[in-house]
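# Survey of secondary and tertiary structure
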Amino acid sequence: MISKQKYNRLIGIVWVAAMALFAVGPVRADDFRYNGFETTYEFSVHPGDLQYFYVTIHIANNDAPQLVFSMPAWMPGGYMLANFARRVADFQAVNSKNERLAVQKIDPNSWEIQTKGDPVIHVSYKVNIAHGAFMGKVIDSNFALVNGPSTYMYIRGHKNDPVTVKYNIPENWKIATGLAETQNPAIFTAPNYDVFADAPALLGLFKQFTFRLKGVPHVVAIKGPVNFDTGAFIRMIKKIVTYETQEIYRDIPYKKYVFIYTIYSGRRGGGGLEHLNSTTIGLSGDLLKENVKNGADVTAHEFFHVWNVKRIRPEVLGPFDYTKDVRTTSLWVCEGITSYYADLVLARTGIWGEAKFLKNQAKMISALQSNPDRFKTSAEMSGWNIWQNGYGGSGISFYTKGQILGMLLDLKIRHLTNNTRSLDDVMRFLNQWFAKWDVGYKDSDILRAVNAVSNQDFRPFFERYVGGTVELPYKKILGYAGLKPVFEKKKVPYIGKIAFFGPQNRVFAVDRESPIGKAGLMKEDHILKIDGRKIKNRGDLAKLLNAKKPGQTLKFLVKRDGKKITITAAVKSREKVMCKIETTASPAPEQLMMRKAWLHGATD
Ligand SMILES: [Zn+2]
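From a predicted model like this one, the values you see are computed outputs, not experimental measurements. (Residues numbered from 1 in each chain as written. Predicted model: local features only at pLDDT ≥ 70, side-chain atom pairs only at ≥ 80, totals over all residues. Heavy atoms only, no water.)

In spatial order, the strands read S8-S9-S15-S12; together these 4 strands make up an open sheet with antiparallel pairing. Only two strands of the sheet have a single partner each, and these edge strands are strand S8 (139–140) and strand S12 (174–177). When strand S9 (residues 143–146) meets strand S15 (residues 201–204), the two strands line up antiparallel, connected through 4 bridges. Directly across from Phe-143, in S15, lies its bridge partner Gly-204. (Pairing = 2+ DSSP bridges. Helix = DSSP H or I, 4+ residues; strand = E, 2+ residues; numbered from the N terminus.)

Here is the structure:
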């Protein structure tokens, strides 16, 4: 129940928020600027060529004497400069008479063409994809996985113009993409470059399943060895989709959604990337065979991004400036709250039990409390600094602290509103007043939304725990739900944070200030062996490290630029904090009610 008086007050706040949005205008005027400039991308793979993707861009109705074609310097969802232009080769341009046009590279990402005002221009180039992508190979003889920003150039001044794309692929190949379909199954359209680039395409031979929810199709494309129970897997995905659309947001903001799964063998952990109305997720077939629930968390996380970050987004995250880093202090919301909800959705749908949910939250607390950088870097600054620190680098993780903050905020809102409001209401509020109007939020709007929904002042909470580095009030806030954190400390061997991925153990982040960073391990190194042993994952590294004592060394054999190098790290020791979340001795009925509402999804 929610009292009438409170409801009226809330409506008042909502109305003021709505007026404020009207004042700035819900849409950007240039969204509707269309000057007849036509762009058609033609994508090709050449049989037997596993080195390059081939792109041709056909322009019609041009009237400018010069056109500038640019590769994005980064891609939405990956907050680091990737400089995709370095992979481009054989850039050429011709006019309507097939005459070569003068081309000049005017900055590291851009090519300028002298069109002489010819209305028809054809540009072609190829993209080196031999190194693969974050989740492994992007091509072999029976598939290609096309990522927009690393493949397609945009045309300066024409990012808002509509786009058509045609895929030239072998006849027996299929296409899975979130883009709008046309009569021709190989041709798709997008209203602008942002939407086009944010829709990856899986081309090739793969399994495909479709389920509908309220009439809206959800496509599940699975590439790779499908040796697990796909029926159970699809049912699990449908449960997640149903809960997030129907219970949390009460909204399906797309006409079609596409899950693209690439399945690999081996027991490596998965990963995913969110897109506007699709996601690409890499998962271990062996782990899925053991239990399809091993794919639940990443699926719930990526799907939650449909709203949080894709539509409920900081101002700088759409429309995108692809030329440089675009910083925001709200990545703890975009990623951390998304991770929190992924776990919460799994608990509420029964895919996870309550114990597993609490164990995972305790794991996040353990990670944060074991990291001495938590007194130096706030949740806000960890997101701001990601562009220079890199993933898994120094500082704290906005995923980890953001997830914990999500839980603490949720419980505190429930406590202060007698369980009549929750973080669910904050997410719906942000969806209503930002996403639905297609405007980004300012970093300060999150606090305003929490205050509006709870009708309480959360400024002190934000100052201390979000913008500040004050130790988080676990005991007090978990206590509202009849829970308590129990901490244990021990000394463990330590060489620093290293993040690596893929069959070749490619290092994508290393803390430069740590013993292994100082010893010389670098990003892009491939770890061949550690102390003479081959390793497959972080667990293997942890085993070798945990057998060491401070003062001993760990020898890394790595491959860098084709050469083998040995790097010797001195093992140090650090304090590790382990947290468990337990129930308090004799919880009051309100505490039990709050826990039930929290983990089963009701506010009253
Ligand atoms: Zn994410």
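Glancing now at the domain arrangement of the protein. Parsing the protein into structural domains produces domain 1 (35–204), domain 2 (206–306), domain 3 (314–477) and domain 4 (496–570). For domain 2 and domain 3, the distance between their C-alpha centres works out to 23 Å. When domain 2 packs against domain 3, close to 1,700 Å² is buried across both sides, 62% of that on carbon and sulfur atoms. For the pair domain 2 and domain 3, the interface holds 1 salt bridge. Taken together, the links from domain 2 to domain 3 amount to 9 residue pairs in polar contact (both at pLDDT 80 or more). Listing elements by their share of the side of domain 2 that touches domain 3, those giving two or more residues are helix H3 (230–249) and helix H5 (296–304). Top contributing element to the side of domain 2 that touches domain 3 by residue count: H3, with 8 residues. Residue classes in the side of domain 2 that touches domain 3 are distributed as 8 nonpolar, 2 polar and 8 charged. (Domains from an automatic or database assignment. Buried area = accessible area lost by both parts, 1.4 Å probe. Salt bridge = Lys/Arg side-chain N within 4 Å of Asp/Glu carboxyl O. Polar contact = N/O pair within 3.5 Å; in protein donor to acceptor, adjacent residues only side chain to side chain. Nonpolar A, V, L, I, M, F, W, Y, C, P; charged D, E, K, R; others polar.)

Another point: the packing of aromatic side chains. Scanning the entire structure with this criterion turns up 41 aromatic pairs. Measuring from ring centre to ring centre gives 5.5 Å for Tyr-193 and Tyr-322, while their planes differ by 90°; the resulting arrangement is edge-to-face. With Tyr-193 in helix H2 (residues 193–197) and Tyr-322 in the loop between H5 and helix H6 (331–348), this residue pair connects regions lying 129 residues apart in the sequence. Look at Tyr-193 and you get buried, because its relative accessible area is 2%. Above the ring of Tyr-52, the side-chain terminus of Lys-126 is found at 4.0 Å from the ring centroid. One residue, Lys-159, lies across the ring of Tyr-154, its end atom 5.3 Å from the ring centre. (Phe/Tyr/Trp six-rings, centres within 6.5 Å; stacked < 30°, edge-to-face > 60°. Buried < 20%, exposed > 50% of the residue type's maximum accessible area, 1.4 Å probe, protein only. Lys NZ or Arg CZ within 6 Å of the ring centre and 35° of its normal.)

The subject of this paragraph is the side chain of Ser-110. In this fold, Ser-110 is placed in strand S6 (residues 110–114). Looking at Ser-110, its side chain comes within polar contact range of the side chain of Ser-70, at 2.6 Å. Here Ser-110 is in contact with Val-68, Phe-69, Ser-70, Gln-104, Lys-105 and Arg-156, once residues within four sequence places are set aside. (Contact = heavy atoms within 4.5 Å.)

With respect to the element layout, Glu-112 can be found in strand S6. Although Glu-112 lies buried, it forms no salt bridge, and the closest oppositely charged side chain, Arg-156, sits 6.5 Å away as judged by the N-O distance. Here the side chain of Glu-112 touches Gln-114 through a polar contact of 3.5 Å, side chain to side chain. Leaving out residues up to four positions away in the same chain, Glu-112 has contacts with Gln-66, Leu-67, Val-68, Ala-102, Val-103, Gln-104 and Ile-106. (Lys, Arg positive; Asp, Glu negative; His and termini not counted.)

Moving on, we come to the confidence of the model for the protein. Per-residue confidence for the protein averages 91 on the pLDDT scale, and 93% of its residues sit at or above 70. Long-range and interchain partners of residues 1–33, a stretch whose pLDDT sits below 50, account for 36 contacts in this model, where long-range means more than four residues apart. (pLDDT = per-residue confidence, 0-100.)

The strand order across the open sheet built from 7 strands is S4-S7-S2-S1-S11-S14-S13, with neighbouring strands paired in mixed fashion. Both outer strands of the open sheet, strand S4 (88–95) and strand S13 (180–181), are each paired with one neighbouring strand and no more. Bridge count for strand S11 (residues 163–168) against strand S14 (residues 187–190) is 4 bridges, and the pairing is antiparallel. Within S14, the residue paired with Lys-166 across the bridge is Ile-187.

Further remarks concern the coordination of the zinc ion. At 2.0 to 2.1 Å from the zinc ion lie its protein donor atoms, namely His-301 (NE2), His-305 (NE2) and Glu-335 (OE). The motif formed by the donor residues of the zinc ion, counted along the single chain, is H-x3-H-x29-E. Highlighted residues: His-301 in helix H5 and Glu-335 in helix H6, separated in sequence by 34 residues. Classification of Glu-335 by relative accessible area gives buried; the value is 1%. (Donors = N, O, S within 2.8 Å, 3.2 Å for Na, K, Ca; no water.)

Taken as a whole and assessed by the stated rule, the structure comprises 21 salt bridges. Two residues, Arg-348 and Asp-424, come together in a salt bridge whose shortest N-O distance is 2.9 Å. A residue pair is termed long-range when its members are at least 10 positions apart, and Arg-348 in helix H6 and Asp-424 in helix H11 (residues 423–433) qualify at 76 residues. Summarising the burial analysis for this pair, Arg-348 and Asp-424 share the class buried. The salt bridge involving Arg-506 is made with Glu-524; its shortest N-O contact spans 3.1 Å. Of this pair, Arg-506 sits in strand S23 (residues 506–510) while Glu-524 sits in the loop between helix H15 (515–519) and strand S24 (526–530), and the two are 18 residues apart along the sequence.

Side chains of Lys-529, Lys-534, Lys-559 and Lys-564 sit close together on the surface and give a patch of like positive charge. Following the sequence through the fold, Lys-559 ends up in strand S25 (residues 553–560). Using a relative accessible area of 38% as the deciding quantity, one classes Lys-559 as partly exposed. (Patch = residues over 30% accessible without salt bridge, like charges linked within 9 Å, V, L, I, M, F, W, Y side chains within 5 Å. Areas by Shrake-Rupley, 256 points an atom, 1.4 Å probe, with all protein chains shown as cover. Charge placed at Lys NZ, Arg CZ, Asp CG, Glu CD.)

Mapped onto the secondary structure, Lys-223 falls in strand S17 (residues 216–223). C-alpha of Lys-223 to C-alpha of Ile-535: the two residues are 312 residues apart in sequence and 26 Å apart in space. Ignoring sequence-local partners within four residues, the contact set of Lys-223 consists of Phe-143, Leu-202, Leu-205, Phe-206, Tyr-261, Thr-262 and Ile-263.

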